[in-house]
Amino acid sequence: MADYKPQQLDRKWQKHWRSTNAFEVEADPSRPKFYCLEMFAYPSGHAHVGHVRNYIIGDICARMKRMRGYNVLHPFGWDAFGLPAENAAIKTGTHPETSTLDNIAHMKGQLQRLGISYAWGREIATCLPEYYKFNQWIFLKMLERGLAYRRRSSVNWCPSCQTVLANEQVVEGACWRCGSPVVMRDLEQWFFRITAYAEELLKDLDTLAAWPEKVVVMQRNWIGRSEGARLTFPVAGASETSVRGAGAPGLDIAIFTTRIDTIYGATFVLLAPEHAMVDRFAAESPDPVAFRARVQQFRALDRGARLTGAIEKEGFDTGRKAVNPFTGKEVPIWVANFVLAEYGTGAIMAVPAHDQRDYEFARKYGLPIKIVVVPRSAASAIEAERGVGVPAKPDRGEGAPGVEISEATSDYGRLVDSAEYSGQEAPGVITRMIADAEKRGIGTGEVQWRLKDWGISRQRYWGTPIPVVYCDKDGVQGVPYDQLPVELPKIATFSGRGDSPLAQVPEFVNTQCPTCGGPARRETDTMDTFVDSSWYFLRFTDPGNSVLPFDPKAAAYWMPVDFYSGGVEHAILHLLYSRFFTRVLRDVGLVTWAEPFTRLLTQGMVLKNGDVMSKSKGNVVDPDDMLQKYGADALRLYVMFVAPPEKEVEWSDAGLEGSFRFLFRVWRIVDHWAAAVGGSSGPASGTFNDGERALRRKTHDTIRRATVDIEERMHLNTAVSSLMELVNQIYAFSETTPLGPPTRAVQPSARIERPETVVVMREAIDALVVMISPFAPHTAEELWEMLGHKGGLTRAAWPAFDAEVAKAEEVVVPVQVNGKVRARLTVPAGLSDDQLCERALADPAVQVHTAGKTIRKVLVAKGPLVSIVAG
RNA sequence: GCGGAAGUGGCGGAACGGCAGACGCGCUAGCCUCAGGAGCUAGUUGGAGCAAUCCAGUCGGGGUUCAAAUCCCCGCUUCCGCACCA
């Protein structure tokens with residue numbers, strides 16, 4: 001027997017694939033395309049089996065589709081900018097470029113040793129000017145279209161290191177390096193106006209039928225559309241005219257609410273500590289110093305406390321009043337720490353009876369609570385109680401009905417104590433109240449989004465320079481296209497001090513104004529690395545283009561990505577930004593559709609000792625160790641067999657060994673039969689005996705199952721198990737032939753008398769080797785060669801399923817009596833329902849259970865299966 | 001709190017309303033072997049029985065159906081996401 005030395009096969013076939021450019025492709029409109037993509041990698045240095053699982057999943061898909069006749073694009077690249085490399089540079093002095101390129105080289109080797117079938121000719125790395133030039137190009141397009149803009153925004157600042165910190169550098173409110181408390185600092189920053197696409201991004205989620213429901217829901221929540229009304233609460237006493245809603249500018253408080261139907265219960269107004277009106281009230285207050293001190297307390301406290309969990313709701317009275325535009329009554333204005341400045345208008349009307357947060361706040365400070373909605377279910381009970389006329393408690397103040405409530409009820413229902421709206425019900429009354437507010441000029445219907453514009457400025461070195469210059473005379477200007485890329489200058493030392501590292505490079509900062517030629521300064525911030533990953537899948541369609549991000553024709557052929565797989569941690573940001581970018585590029589005219597990823601798979605993580613693998617936990621399984629022991633194929637097969645791709649799995653050495661044993665089992669049986677079945681060809685025909693027909697049935701049934709499991713259901717684990725079943729049956733069949741089992745040496749006298757046996761065995765073994773090749777490509781290629789096939793496996797034809805052959809001649813039909821299986825009839829296939837019923841009722845085991853009972857019903861269900869109801 | 005997913009042998013997991021536990025790991029017995037942590041064969045949900053077979057059984061409780069792991073309702077548990085979004 002030929003030795004099975006998987007490590008040698010790995011080397012042999014990987015070399016072969018490389019030297020023949022086996023996986024490089026060109027667009028070919030005459031052939032159907034398939035774009036298979038795994039999320040590209042951050043080059044951290046070492047891939048562990050958790051990362052690698054994803055690449056294997058994609059590879060099974062890519063290899064299978066190639067054999068199914070598709071022109072398969074399966075590229076890989078590197079998400080190569082980012083903070084870790086810069087952090088390392090600060091610590092060790094190694095330049096990010098050096099460490100990044102080293103890491104890429106190492107990880108690329110790892111993936112090649114796994115035999116992943118990438119078109120390496122299309123490899124990209126986002127840290128190279130050829131790539132990030134087009135980040136800048138897209139930025140300029142956005143700038144032209146008003147989709148990129150500047151505004152002040154706060155960043156984390158470490159006063160001790162004198163530097164800006166990214167969110168991931170802030171650990172529990174403190175600097176990652178020195179542990180000092182982080183403060184907020186306002187800087188001018190660049191934003192992408194993703195909110196301009198909010199409506200479309202939300203609506204089109206409905207078209208993503210082949211995305212996991214979970215991801216769609218997460219995106220929907222993240223976008224967070226809510227319908228409501230923007231209403232004006234004039235500040236009392238500031239201007240007499242404002243009471244009628246024609247208020248002097250700056251003296252109205254705008255609020256957003258989704259519950260205008262509760263407005264008669266709005267007994268106070270709350271402002272976010274950051275609300276513009278707060279500063280004004282402070283200035284006008286009797287004691288501005290004390291006022292500002294309290295505000296400052298909230299502004300400072302907020303951020304740190306929010307990380308650790310729920311903060312106690314606190315606030316204080318501004319001493320000012322606003323007029324509820326519906327009741328016409330004055331209500332107090334408070335500042336509250338839980339009101340968010342960045343959502344809605346930064347101010348709310350508080351309805352303590354119908355909002356739990358407002359309720360807690362009202363209770364704490366003794367503010368009035370007024371019930372204005374009676375939920376349908378509780379209506380009669382509460383009305384009965386109200387009827388007794390329990391006096392209002394002092395802390396509920398004027399207008400509070402005599403109903404004791406212990407929590408807010410936010411259910412919809414019938415309005416009470418709401419002037420002319422009393423007795424009406426949501427949702428109708430909401431529409432009417434908004435219409436009335438619009439008529440009176442005190443408000444308008446409005447849609448609010450939880451999604452905010454995307455701040456892309458990073459005060460970092462290792463990223464794409466933002467292609468903008470500032471001229472004292474001509475203002476903010478995009479760098480002209482013909483001056484791209486704005487290259488990242490080499491920096492020798494990384495101090496980790498200062499706001500933006502690039503600001504410390506005068507040769508970079510000082511430039512000329514593209515308009516007047518006078519002195520100008522460059523933007524020194526770099527882009528968020530999510531920009532890089534928001535369009536890389538398009539770059540793969542035309543990675544060498546130096547004029548455009550990609551040729552629209554290339555994208556038109558290859559896109560959209562047919563199968564995209566990666567970690568669920570990118571369910572929101574990366575995927576949402578990619579959908580946003582694709583729409584922008586559509587509006588720019590480079591592509592013609594909006595959704596970049598047709599089918600999405602979020603693969604589960606690989607755990608070790610019940611925990612996510614990580615260097616710090618010391619539980620990393622290095623694929624290279626496994627390759628050395630068992631070869632790439634056993635690892636690939638195991639990772640696919642252990643569970644469905646979406647599920648997380650616990651790593652098991654024993655399981656890996658089992659997969660190795662299976663491959664060895666395949667190797668032995670193919671080797672055992674290679675001489676007998678190899679070399680010859682032709683369709684399977686002849687007069688087959690029972691055993692031969694059974695094997696053919698199994699072969700074709702396996703073809704059907706494996707094809708569906710891989711291509712449609714992505715149940716790679718069951719695809720493998722069906723192949724295992726086929727192998728088991730091939731072994732069993734082999735035992736019945738003169739050649740015997742592969743464990744026994746073949747007798748010199750052994751000869752296969754029946755040509756049909758050879759034909760059937762060849763059909764089974766050929767199909768097996770082809771179908772196992774996506775999982776175990778090295779072993780399969782070697783066996784394929786051993787069987788005398790020429791031309792390699794990567795583009796061999798996937799076996800064709802023949803329904804006639806797979807059809808069973810005899811079927812086992814279970815018979816249920818009152819829902820329990822009492823007999824199994826072995827009958828020829830194709831009996832009529834009546835014949836089946838007749839035989840079922842005649843069966844002795846059935847008669848035992850129907851004896852003495854009346855047969856009430858007999859039916860034949862698909863399967864087939866006979867169901868008898870007796871009683 | 002809101003939203004999502006899931007609960008099946010000792011373990012990983014199968015089963016597009018129709019034979020629960022495919023396939024594998026582990027374990028048990030036998031064969032082969034100088035030996036085996038190799039290979040082969042058989043067994044392996046629990047309980048009763050020499051056995052044929054019978055009873056129970058897919059988190060718990062109801063329901064729909066000739067038929068439910070699967071569909072519906074209530075509850076429990078676990079995991080994940082969002083988390084004061086007005």
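Predicted model only: the values in this text are computed from it and were never measured. (Residues numbered from 1 in each chain as written. Chains lettered and ligands numbered in written order. Predicted model: local features only at pLDDT ≥ 70, side-chain atom pairs only at ≥ 80, totals over all residues. Heavy atoms only, no water.)

## Observations regarding the confidence of the model for chain A
Looking at chain A, the pLDDT average stands at 88 and 93% of residues meet or exceed 70. Confidence over residues 240-248 falls short of pLDDT 50; this stretch has 12 contacts with residues more than four positions distant or in other chains. Across residues 379-402, where pLDDT falls below 50, the model places 31 contacts with residues more than four positions away in sequence or in other chains. For this predicted complex, the interface confidence score (ipTM) comes to 0.94, while the overall pTM stands at 0.91. (pLDDT = per-residue confidence, 0-100. Contact = heavy atoms within 4.5 Å.)

## A closer look at helix H2 (residues 49-67)
An ideal rise of 1.5 Å per residue puts 27 Å on 19 residues; H2 measures up with 26 Å between its terminal C-alpha atoms. For H2, the buried fraction is high: 18 of the 19 residues fall into the buried class. Gly69 sits one or two residues past H2 and shows a positive phi near 95°. (Helix = DSSP H or I, 4+ residues; strand = E, 2+ residues; numbered from the N terminus. Expected span 1.5 Å × (residues − 1). Buried < 20%, exposed > 50% of the residue type's maximum accessible area, 1.4 Å probe, protein only.)

## Describing the packing of aromatic side chains
Enumeration according to the criterion identifies 46 aromatic pairs in this entry. Taken together, a centroid distance of 5.0 Å and an interplanar angle of 75° make the contact between Tyr55 and Phe76 edge-to-face. One end of the pair, Tyr55, is in helix H2; the other, Phe76, is in the loop between strand S2 (71-73) and strand S3 (77-78), with 21 residues separating them in the sequence. Exposure remark for Tyr55: the relative accessible area of 5% places this residue in the buried category. Taken together, the ring pairs connect Phe139, Trp190, Phe192, Tyr197, Trp454, Phe530, Tyr577, Phe580 and Phe581 into an aromatic cluster. Above the plane of the ring of Phe508 lies Arg522, whose end atom (NZ or CZ) is 5.6 Å from the centre. (Phe/Tyr/Trp six-rings, centres within 6.5 Å; stacked < 30°, edge-to-face > 60°. Lys NZ or Arg CZ within 6 Å of the ring centre and 35° of its normal.)

## Observations regarding the protein's contact with RNA strand B
As a structural note, the neighbourhood of RNA strand B is formed by 50 residues, with Thr258, Ile311, Arg357, Arg661 and Arg824 the closest of them. A share of 67% of the atoms of RNA strand B within 4 Å of the protein falls on sugar and phosphate groups. Take Lys647: an N or O atom from its side chain is 3.0 Å from a phosphate oxygen of RNA strand B. Taking Ser867, its side chain carries an N or O atom lying 2.6 Å from a base oxygen of RNA strand B. Going through the elements one at a time, helix H7 (213-223), strand S11 (252-257), helix H20 (653-677), helix H22 (716-735), strand S31 (810-817), strand S32 (820-828), strand S33 (855-861) and strand S34 (865-870) are the ones with two or more residues in the surface near RNA strand B. In terms of residues, the surface near RNA strand B owes the most to one element, H22, which gives 6 residues. Considering only residue class, the surface near RNA strand B consists of 20 nonpolar, 14 polar and 16 charged. (Near = heavy atom within 4 Å. Polar contact = N/O pair within 3.5 Å; in protein donor to acceptor, adjacent residues only side chain to side chain. Nonpolar A, V, L, I, M, F, W, Y, C, P; charged D, E, K, R; others polar.)

## A closer look at the side chain of Thr257
Note on placement: Thr257 falls in strand S11. From its side chain, Thr257 meets the backbone nitrogen of Arg259 in a polar contact 2.8 Å long.

## A word on helix H3 (residues 83-92)
What sets the pattern is the α-helix's 3.6 residues per turn: residues three or four places apart point alike. Restricting attention to buried positions, one finds in H3 the residues Leu83, Ala85, Glu86, Asn87, Ala89 and Ile90. Summarising the contacts, the buried residues of H3 are in contact with helix H4 (96-113). A positive phi of about 85° marks Gly93, the residue just after H3.

## Here's the deal with the sheet that holds strand S1 (residues 33-38)
One open sheet holds the 4 strands; their spatial order is S2-S1-S26-S27, and the pairing between them is parallel. What marks the edges here is a single partner per strand, and that holds for S2 and strand S27 (600-603). Shown here is a sheet whose adjacent strand axes are inclined to one another by a mean of 15°, direction ignored. Examined bridge by bridge, strand S26 (residues 563-567) and S27 share 4 bridges and lie parallel to one another. (Pairing = 2+ DSSP bridges. Axes fitted to C-alpha atoms, helices over the stretch in contact; angles between N-to-C directions.)

## Regarding the environment of Ile60
Within the element layout of this structure, Ile60 appears in helix H2. With a relative accessible area of 0%, Ile60 lands in the buried category. Residues within four places of Ile60 in sequence aside, it is in contact with Arg636, Met640, Ile710, Leu716, Pro774 and Phe775.

## Observations concerning the sheet that holds strand S28 (residues 606-608)
Here we have 3 strands laid out as an open sheet, ordered S29-S28-S30, and mixed in their pairing. For this open sheet the edge positions go to strand S29 (611-612) and strand S30 (649-650), each flanked by a neighbour on one side alone. Judged from the 2 bridges that link them, S28 and S29 form a sheet pairing that is antiparallel. Residue Leu607 lies in a different strand from S29, and its bridge partner there is Val612.

## Thoughts on unusual backbone geometry
Look at the link from Leu484 to Pro485: it is a cis peptide, with omega at 0°. Examined against the element boundaries, Pro485 turns out to sit in the loop between strand S22 (475-478) and helix H13 (506-509). Positive phi outside glycine occurs at Asp417, with the angle close to 50°. With respect to the helices and strands, the residue Asp417 is situated in the loop between strand S17 (413-415) and helix H12 (428-440). Phi at Met714 takes a positive value of approximately 55°, unusual for a residue other than glycine.

## Comments concerning the packing of helix H5 (residues 129-144) against helix H17 (residues 573-588)
Axis separation between H5 and H17 bottoms out at 11 Å; the angle between their running directions is 70°. Our classification of the angle between H5 and H17 gives roughly perpendicular. Where H5 crosses over H17, the handedness of that crossing is left-handed. When H5 is examined against H17, the residues Trp137, Ile138, Lys141 and Met142 are found in contact with a partner set consisting of Phe580, Phe581, Val584, Leu585 and Val588. Tallied by class, the residues present in the contact of H5 with H17 amount to 8 nonpolar, no polar and 1 charged. (Parallel < 35°, antiparallel > 145°, perpendicular 65-115°, else oblique. Left-handed = near helix turned anticlockwise from the far one by under 90°.)

## A look at the environment of Ala654
Tracing the sequence through the fold places Ala654 in helix H20. Here the alpha-carbon distance between Ala654 and Leu793, two residues 139 residues apart in the chain, equals 30 Å.

## Here's the deal with the pairing of strand S13 (residues 315-323)
As paired elements, S13 and strand S14 (residues 330-336) share 6 bridges and run antiparallel to each other. If you follow Asp317 over to S14, its bridge partner there is Trp334. In sequence, S13 turns back onto S14 through a hairpin of 6 residues, with Gly328 there showing a positive phi of about 75°.

## Observations concerning the pattern of salt bridges
In this structure the tally under the stated criterion is 46 salt bridges. Taking the shortest distance from any N to any O, the salt bridge between Lys65 and Glu711 comes out at 2.9 Å. One end of the pair, Lys65, is in helix H2; the other, Glu711, is in helix H21 (residues 690-713), with 646 residues separating them in the sequence. Each member of the pair, Lys65 as well as Glu711, is classed as buried. Arg320 is the salt-bridge partner of Glu284, the closest N and O atoms lying 2.7 Å from each other. Placement of Glu284 in helix H8 (residues 276-284) and of Arg320 in strand S13 is noted, with a sequence separation of 36 residues between them. Using a relative accessible area of 42% as the deciding quantity, one classes Glu284 as partly exposed. Taken together, the shared-partner salt bridges connect Glu200, Lys203, Asp204, Arg579, Arg583, Arg586, Asp587 and Glu595 into one network. (Salt bridge = Lys/Arg side-chain N within 4 Å of Asp/Glu carboxyl O.)

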